[in-house]
Amino acid sequence: MTTKRNIVILGGGTAGWMSAAALAKFIPATHYNITLIASGDIGTVGVGEATIPHIRQFNELLGIDENTFIKEVGATYKLAIRFKGWGKADSDYCHGFGYSGEVINDVEFHHYYLRAGGAATLGHYDNYNIAALAARAHRFSYPLNNVNDARAHFGYAFHIDASLYANYLRKYSVARGVTFIDGQVTDVLTHPNGDIASLELSDGQQLSGDLFIDCSGFRGRLIEQALASGYENWQHWLPCDSAQAAASNAIDNPPSYTLSAAHQAGWRWQIPLQHRTGNGIVYASEWLSDEQASEQLIAAIGDSADAPRQLRFVTGKRKKSWVNNCVAIGLASGFLEPLESTSLYLVQAAIEKLIEYFPATAQSHGARDAFNQYIDTEYERVRDFLIFHYYQNQRDEPFWRAMSTMQLPDSLQARIAQFKESGHFNAYRQGLFMPVSWTSLALGQALRPDTVSQRINHIEPGAIAERLSRYALQLDNLVTTMPSHQQAIDSTEKGAAHYPAASHSLYGASNK
Amino acid sequence: MTIRHVGIYGHGLALQVSAALLNHHLSDAGVTIHTFNTPASSTVTVCEWDDTLLRLCQQFKGSPLEWLSRCDGGFSWGVHCDWLADDGFIGPALWGLNANQQEFEHGVLRLKAQQPTRPVSDFSIAGQAARLGRFNFASQHPQWAESMQFTVQCDAGKLSDLLAASNEANGVQHYSVPRDELSSLRLSDDGKAIDLWIHLTDTSAPQPEISATPLTASLPLPVTQLSLQEDALIKRVWLSNQEFCFQLNTSPLAAPTAEWQDDTIVIDVPPLTAVLPPTSFLVASLEQLLEQWPAQAKSAANAAAYNSHMQQYCRELNQFNQALLPGNTQGMPERLFADCARLPVMETDAVSRWQWFCLLCGKGVVPASTSIALQNDPDSTILPLVEKVTAHISSTARAMPEYSAFLQQFENAGVNATGR
């Protein structure tokens, strides 16, 4: 008889239960025991969580019915992130989950848009992104399954209550054989080779394991406190180190976007759920006091709010997310502020890669090195995208002036320089944000390239403008045919919604 | 200054391919392509392509069939390496029948764990057809196109002549120049008008062919053969009417590079390499340039981004070449495959994952584990499914004509298409 191997997950937040659920689904129960340890005494971050379309793929892999999920976690739909005050104090643009315009004769759409005169002639760049337009109109419908229709070229995600999602996945996991232990780790015992042997719990119980998954949050109880992975601090690029979160009443016909509104030293979020609205303020404590942040948050969301909860963080990542027989996932692995709703995506990416590279033995150095390289790349590319939001601004406040003059990471410096010079961002294959996202941000925050593709020099700007204006009108008309966001949610609640298969892309089906 | 004139300095097929590709994409934008043809130094008369040749033919509104027929085109499912285990087959085609059969390769690896002598060529249409000496296009089975990917080899001189004629007809300006340094050409009247230069070199050309034999005594094979000797690889390639034999230096294997500095992009492409067709690199380097097409030739940031991408391409290519030959240190792909039968994320299309799988299996790397997601299913469920697909693959391969018969049909079709 084969001896079963033991997988021990530490932490009962979203990362812990997402890991447990995925492992319970994909790891054969005949060969592995999965145990999750969490303590009710240790709180989870558990604020309203904005997601990106990849969450649908995760749920689909787990076999979770989307309509059930929406009911269980109080979800609303999400088509975009709306950025107000980023770039300039009065700027307002969306990063939509869809393509802006079409790639025409191998030249990206924004070159045509800029050649035709850009915003001055054609209006907002958002006018060419159907997801952004629908989000601004508080509307929602599923993408169509007809690639010739503009309504096919977008993706969607959700705003969810992260605690409810964790609870839902807990039920899912336990039903699939995951053992839950309510306990607190008092000691970590290691083998002579440095591998973790067992965890000692406050009730004296010792839990041995072959593979440990650290989802214990910022402190990194195993990966850092026991195995001393080390931490790369990125605060010199992303100096926000504090947040306050508070819930307010639900919004009738809520926006189908996450709001990110910049303030004098950071930004404020609004995440509409069915039963309440999640709000929060992210700020750099060097430039804004806790009291000022609190006042600002309450002023923005009104009296209906709970008292704000204080959070502290250090932006960065573990030097290695997989050390010996321990893999860190979620906040234990690193923290990037949720400006682009990437928190659960990074959890998901780590889980999927761990399952893909699942080690036959603790000595799987090849798998470990490849996993660490993968996670490094994911974090660094999201990091660069976040820094770009801060760097590319023309605001007057001291915080923003400091941001616009910071020394950028080389990788980001190179990307921005390329865009300035040519209007082009090179694509990468591993990483979340494709050139379409980088371009949305650049144009939304008023970074105009010195030139656009010379390959369309022969086309008269007037002819381009005429065609694009017709296209924008067509998109506008299509959006008016979509139901309101509230109607879409109600339809889901009635179980009448027939959702499409999940896309593997942030932007839905490609229009290329 | 806007780029109006692009000068391509080099010779042979690389020169004509570059001119054709750039002219096709840039002529509408008012860019004139000038070719500065230097005397050829390479004696390699054969060129190898992946499916980019067919794609290019379609872009240039040519008939792939006609072109290949006129250039003595031959086809190959991949390469047979005589120093590798099982049958040493490395091909670009997908294992299984189509990409919907996710994790098929993990089923294969489980089967191979029980039957180590089963060659990897059993599990792809291309592999079985190569072994059986059969060939056909996927046109009757478009759903299997990925599992029937092949490479093409043809007479480089004839293809070059064809492209040159097409280029001339399409407005490419042609100049014959002595083998001067590009620096002196820049100062000439013709050279001064050029805004951006493409400098094509082949500094690591292989030895000239050691034999070229008409196909009278032996039958052509739809697979290229590589045999390892002390300091060299002997490569045997079959065109439609001749067998060629080349010697490739192995220390190290020739590798292409591309670098953009100031107003010049230097692309160094050996005419022949071991497994990965050099023309794929040439086309990839030009397509990347087109994607990043600059407003002016001296575009430091754009050039840096181009160089970064092409360096990554070369790294992935060199990683494969290193793994190909015995005795080199294990790289990340090999170590990861050994642990869990996976490959790291690749940033470019330099090497297909199937070529990696063939190579690593051929090297005898046995993964410590395969897909954990399939471990819920016992061998008694998985292995019969793999055998079922394999049987389907086998019957598909057997239904193809013998390669020599296919070539005869192909030649006849080409004659009809060209009116010869």
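Residues numbered from 1 in each chain as written. Chains lettered and ligands numbered in written order. Predicted model: local features only at pLDDT ≥ 70, side-chain atom pairs only at ≥ 80, totals over all residues. Heavy atoms only, no water.

Side note on the interface of chain B and chain A
How large an interface is tends to be reported as the accessible area lost when its parts come together.
Line of reasoning, step 1. Between chain B and chain A, the residue contacts involve 39 residues of the former and 36 residues of the latter.
Line of reasoning, step 2. Where chain B packs against chain A, one counts three salt bridges.
Line of reasoning, step 3. Notably, a salt bridge pairs Arg335(B) with Asp369(A), separated by 3.0 Å at the nearest N-O pair.
Line of reasoning, step 4. Inspection of the chain B/chain A interface yields 19 residue pairs in polar contact (both at pLDDT 80 or more).
Line of reasoning, step 5. Going through the elements one at a time, α1 (12–26), α9 (278–291), α10 (300–324) and α11 (332–340) of chain B are the ones with two or more residues in the side of chain B that touches chain A.
Line of reasoning, step 6. In terms of residue count, the dominant contributor to the side of chain B that touches chain A is α10(B) (six residues).
Line of reasoning, step 7. Among the residues forming the side of chain B that touches chain A, the class breakdown is 20 nonpolar, eleven polar and eight charged. (Contact = heavy atoms within 4.5 Å. Salt bridge = Lys/Arg side-chain N within 4 Å of Asp/Glu carboxyl O. Polar contact = N/O pair within 3.5 Å; in protein donor to acceptor, adjacent residues only side chain to side chain. Helix = DSSP H or I, 4+ residues; strand = E, 2+ residues; numbered from the N terminus. Nonpolar A, V, L, I, M, F, W, Y, C, P; charged D, E, K, R; others polar.)

Details of empty space enclosed by the protein
Residue and element names in this part refer to chain B.
Line of reasoning, step 1. On inspection of all chains with the given rule, the structure shows three cavities of 30 Å³ or more.
Line of reasoning, step 2. For the largest cavity, the calculated volume is near 70 Å³.
Line of reasoning, step 3. The wall of the largest cavity is formed by Glu48, Ser76, Gly78, Val79, Ile90, Gly91, Pro92, Thr151, Thr224, Val275, Pro277 and Gln355.
Line of reasoning, step 4. Among the residues making up the lining of the largest cavity, the classes are represented as five nonpolar, six polar and one charged. (1 Å grid on protein atoms, 1.4 Å probe; cavity = no way out; pocket = protein on both sides within 12 Å on 5 of 7 lines; lining within 4 Å. Points joined across faces, edges and corners; volume = space filled by probe spheres on them.)

Concerning unusual backbone geometry
Residue and element names in this part refer to chain A.
Line of reasoning, step 1. One non-glycine residue, histidine 138, lies in positive phi territory at about 55°.
Line of reasoning, step 2. Topologically, histidine 138 is positioned in the loop between α6 (130–136) and β7 (157–161).
Line of reasoning, step 3. With a relative accessible area of 21%, histidine 138 lands in the partly exposed category.
Line of reasoning, step 4. The phi dihedral of serine 341 is positive, around 55°, even though this residue is not glycine. (Buried < 20%, exposed > 50% of the residue type's maximum accessible area, 1.4 Å probe, protein only.)

Focus on the nonpolar core
Line of reasoning, step 1. Counting 162 residues, the largest nonpolar core has Tyr165(A), Ile329(A) and Tyr390(A) as the members making the most contacts within it.
Line of reasoning, step 2. Apart from the residues within four sequence positions on either side, Tyr165(A) is in contact with Thr14(A), Met18(A), Ile55(A), Phe58(A), Asn59(A), Phe69(A), Val73(A), Ile160(A) and Leu344(A).
Line of reasoning, step 3. With 125 residues, the next largest nonpolar core counts Leu253(B), Leu317(B), Leu325(B) and Tyr403(B) among its residues. (Core = buried A, V, L, I, M, F, W, Y, C linked by side-chain atoms within 4.5 Å.)

So, the side chain of Lys235(B)
Residues and elements named next belong to chain B.
Line of reasoning, step 1. Note on placement: lysine 235 falls in strand β12 (residues 232–238).
Line of reasoning, step 2. At 2.7 Å, the side chain of lysine 235 forms a polar contact with the side chain of glutamate 48.
Line of reasoning, step 3. Every residue in contact with lysine 235, bar those within four places of it in the chain, is listed here: Glu48, Thr224, Gln225, Leu226, Phe244, Cys245, Phe246, Leu248, Leu272, Thr273, Ala274 and Val275.

Concerning the sheet that holds strand β1 (residues 5–10) of chain B
Residue and element names in this part refer to chain B.
Line of reasoning, step 1. Across the sheet, which stays open at both edges, the six strands sit in the order β8-β2-β1-β9-β15-β14 with mixed pairing between neighbours. In this open sheet, the two edge strands, each paired with only one partner strand, are β8 (173–176) and β14 (257–261). Each neighbouring strand pair of the sheet contributes to a mean axis angle of 15°, computed without reference to strand direction.
Line of reasoning, step 2. Sheet topology note: the β14/strand β15 (residues 264–268) ladder contains five bridges and is antiparallel. Along β15, the bridge assignment pairs tryptophan 260 with isoleucine 265.
Line of reasoning, step 3. Against the sheet, α1 touches β1, β2 (32–37) and β9 (196–201), its axis set at about 175° to β2.
Line of reasoning, step 4. The strands touched by α9 within the sheet are β9, β14 and β15, with β15 carrying the most contacts at an inclination of about 160°. (Pairing = 2+ DSSP bridges. Axes fitted to C-alpha atoms, helices over the stretch in contact; angles between N-to-C directions.)

As for the packing of aromatic side chains
All names here are of chain A.
Line of reasoning, step 1. As enumerated under the stated definition, the model contains 59 aromatic pairs over all chains in all.
Line of reasoning, step 2. Above the plane of the ring of tyrosine 428 lies arginine 381, whose end atom (NZ or CZ) is 4.3 Å from the centre.
Line of reasoning, step 3. The lysine or arginine in question, arginine 383, covers the ring of tryptophan 234, its NZ or CZ lying 4.7 Å from the ring centre. (Phe/Tyr/Trp six-rings, centres within 6.5 Å; stacked < 30°, edge-to-face > 60°. Lys NZ or Arg CZ within 6 Å of the ring centre and 35° of its normal.)

Here's the deal with the sheet that holds strand β22 (residues 334–335) of chain A
Residue and element names in this part refer to chain A.
Line of reasoning, step 1. Taken together, the three strands give an open sheet; going across it, the order is β13-β19-β22, and neighbouring strands pair in antiparallel fashion. Either end of the sheet is taken by a strand with one partner, and the two such strands are β13 (231–233) and β22.
Line of reasoning, step 2. When strand β19 (residues 316–318) meets β22, the two strands line up antiparallel, connected through two bridges. Bridge pairing in β22 places lysine 317 opposite glycine 334.

Describing the pattern of salt bridges
Line of reasoning, step 1. This model, assessed by the stated rule, comprises 31 salt bridges over all chains.
Line of reasoning, step 2. A salt bridge links Asp126(A) to Arg136(A); its shortest N-O distance comes to 2.9 Å. Placement of the pair is Asp126(A) in the loop between α5 (119–122) and α6 and Arg136(A) in helix α6, with a sequence separation of ten residues.
Line of reasoning, step 3. On the basis of relative accessible area, Asp126(A) is assigned to the buried category, the value being 4%.
Line of reasoning, step 4. Of the charged contacts in the structure, one is a salt bridge between Arg118(B) and Glu387(B), with a shortest N-O distance of 2.9 Å. You can see Arg118(B) sitting in the loop between α4 (104–114) and α5 (125–132) and its partner Glu387(B) sitting in helix α13 (residues 379–398), a full 269 residues away along the chain.
Line of reasoning, step 5. By relative accessible area, Arg118(B) is classed as buried at 15%.
Line of reasoning, step 6. Among the ionic contacts, a cluster of salt bridges with common partners joins Arg82(A), Asp92(A), Asp126(A) and Arg136(A).

Remarks on the domain arrangement of chain A
Line of reasoning, step 1. Segmenting chain A into domains produces domain 1 (5–49 + 161–231 + 315–381), domain 2 (88–154 + 452–512) and domain 3 (242–312).
Line of reasoning, step 2. A straight line from the C-alpha centre of domain 1 of chain A to that of domain 2 of chain A covers 38 Å. (Domains from an automatic or database assignment.)

Regarding the pairing of β9(B)
Residue and element names in this part refer to chain B.
Line of reasoning, step 1. Taken across its six residues, β9 has six buried, putting it largely inside the fold.
Line of reasoning, step 2. Because side chains alternate across β9, one face comprises the buried residues Leu196, Ile198 and Leu200, and the other comprises Trp197, His199 and Thr201, equally buried.
Line of reasoning, step 3. The sheet contact formed by β1 and β9 spans four bridges and is parallel. Paired with isoleucine 8 across the two strands is isoleucine 198, which belongs to β9.
Line of reasoning, step 4. Bridge count between β9 and β15: five bridges; the pairing is parallel. Note on β15: the bridge partner recorded for threonine 201 is aspartate 268.

Thoughts on the environment of Ile81(A)
All names here are of chain A.
Line of reasoning, step 1. One can find isoleucine 81 in strand β5 (residues 80–84).
Line of reasoning, step 2. On a C-alpha basis, the gap between isoleucine 81 and cysteine 94 in space is 5.5 Å, while along the polypeptide they are 13 residues apart.
Line of reasoning, step 3. With residues up to four places along the chain from it excluded, the contact list for isoleucine 81 reads Tyr93, Cys94, His95, Thr258, Ser260, Leu339, Glu340 and Ser341.

Some remarks on helix α15 (residues 485–493) of chain A
Residues and elements named next belong to chain A.
Line of reasoning, step 1. Those residues of α15 lying buried are His485, Ala488, Ile489 and Thr492. End-on, the buried residues of α15 take up no more than an arc of 95°, which puts them together on one face.
Line of reasoning, step 2. Close packing links the buried residues of α15 with α3 (66–73) and β4 (76–78).
Line of reasoning, step 3. Positioned one or two residues after α15, glycine 495 has a phi angle of 75°, which is positive. (Arc of directions from axis to C-beta.)

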